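Secondary and tertiary structure notes
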Amino acid sequence: MSQTSGDQSRDDQTGQTSDDAIRPGETALELPPARDAELRFIGRIRTPFASRRDCPRQGDLDGPECRIELDPQWEPALEGIERAERIQVLYWLDRARRDLLTQTPHGNTTRGTFALRSPVRPNPIGISSVRLVRREGAVLVVQGLDCVDGTPLLDLKPDRCEHRERPKNG
């Protein structure tokens, strides 16, 4: 076992933390080591949340200001982002286990992983719709994130595209 942030301990063999313990009613799938798709992390997310337990559920648009720190080479890709009031942030939940088929969140009803917004999933991609507070060069200051400090950033998108109207039914 090795230590991770907060009071969690991490098993060096499985990479799982004490937060990852199977709860009553949960089932897991025995999986070979993941051969992940080649993703390019474009930065890191800085939040006041040291562990999963500290994270708010599904974020809070009035929550604390957090920083999305893009690697400097991606700064030109932010051009015009200030026009968006809200943005979608996609991130890699690098500390989540990936083998649960069913989960029992907080002792509630057991449900299938795909019926939950839990970070525990086969491909632990997180998404949050956040309020853009301001841009500081290659850094975005936002409100509404719900991930652990240091989470790898995958992508950013305006919450709604301004240049294309949705087709009307009828």
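An account of the accompanying structure is given in this report. (Residues numbered from 1 in each chain as written. Predicted model: local features only at pLDDT ≥ 70, side-chain atom pairs only at ≥ 80, totals over all residues. Heavy atoms only, no water.)

1. Here we look at the pattern of salt bridges
A full pass over the atoms with the stated rule returns twelve salt bridges. The residue Arg46 makes a salt bridge to Glu69 at a minimum N-O spacing of 3.5 Å. One end of the pair, Arg46, is in strand E4 (residues 43–46); the other, Glu69, is in strand E5 (residues 65–70), and 23 residues separate them in sequence. By relative accessible area, which is 33% here, Arg46 ends up partly exposed. The exposure class assigned to Glu69 is partly exposed, which follows from its relative accessible area of 26%. By sharing partners, the salt bridges in this structure join Arg46, Glu65, Arg67, Glu69, Arg134, Glu136 and Asp149 into a single network. (Salt bridge = Lys/Arg side-chain N within 4 Å of Asp/Glu carboxyl O. Helix = DSSP H or I, 4+ residues; strand = E, 2+ residues; numbered from the N terminus. Buried < 20%, exposed > 50% of the residue type's maximum accessible area, 1.4 Å probe, protein only.)

2. Description of the sheet that holds strand E7 (residues 100–103)
The strands making up a sheet associate through backbone hydrogen bonding, with each pair oriented either parallel or antiparallel. Spatially, E3-E7-E8 is the arrangement adopted by the three strands of the open sheet, whose pairing is antiparallel. Both edges of this open sheet fall to strand E3 (27–28) and strand E8 (111–112), since each of them pairs with a single strand only. Sheet topology places E7 next to E8; two bridges connect them, and they run antiparallel. By the bridge assignment for E8, Thr102 is matched with Gly112. (Pairing = 2+ DSSP bridges.)

3. A few points about the sheet that holds E5
Strands sit in the order E4-E5-E10-E9-E6-E11 around a closed barrel of six strands; the barrel is antiparallel. With strand direction ignored, the average angle separating the axes of adjacent strands in the sheet is 45°. Bridge count between strand E9 (residues 125–136) and strand E10 (residues 139–143): five bridges; the pairing is antiparallel. Looking at E10, one finds that Arg135 is bridged to Leu140. (Axes fitted to C-alpha atoms, helices over the stretch in contact; angles between N-to-C directions.)

4. Structural notes on the layout of surface pockets
Estimates place the volume of the largest pocket at around 1,100 Å³. Forming the boundary of the largest pocket are 40 residues, of which Arg52, Arg57, Arg117, Ser118 and Pro119 lie nearest the centre. Mapped onto the lining of the largest pocket, the elements with two or more residues apiece are strand E6 (86–92), E7 and E9. The element best represented in the lining of the largest pocket is E9, accounting for three residues. A breakdown of the residues in the lining of the largest pocket according to their chemical character gives 16 nonpolar, ten polar and 14 charged. (1 Å grid on protein atoms, 1.4 Å probe; cavity = no way out; pocket = protein on both sides within 12 Å on 5 of 7 lines; lining within 4 Å. Points joined across faces, edges and corners; volume = space filled by probe spheres on them. Nonpolar A, V, L, I, M, F, W, Y, C, P; charged D, E, K, R; others polar.)

5. Overview of the environment of Asp159
In this fold, Asp159 is placed in the segment after strand E11 (151–158). For the pair Asp159 and Gln88, spaced 71 residues apart in the sequence, the C-alpha separation amounts to 5.3 Å. Contacts of Asp159, omitting those with residues within four sequence positions, involve Arg86, Ile87, Gln88 and Ser129. Within the structure, the side chain of Asp159 is placed 3.2 Å from the side chain of Ser129, a separation counted as a polar contact. (Contact = heavy atoms within 4.5 Å. Polar contact = N/O pair within 3.5 Å; in protein donor to acceptor, adjacent residues only side chain to side chain.)

6. Some remarks on the nonpolar core
Counting 22 residues, the largest nonpolar core has Ile68, Ile87, Val89, Leu140, Val142, Leu145 and Leu156 as its most contacted members. Those elements that provide at least two residues to this core are E5, E6, E9, E10 and E11. Non-local contacts of Ile87, meaning those with residues more than four positions away in its chain, are made with Ile81, Ser128, Ser129, Val130, Leu140, Val142, Leu156, Lys157, Pro158 and Asp159. (Core = buried A, V, L, I, M, F, W, Y, C linked by side-chain atoms within 4.5 Å.)

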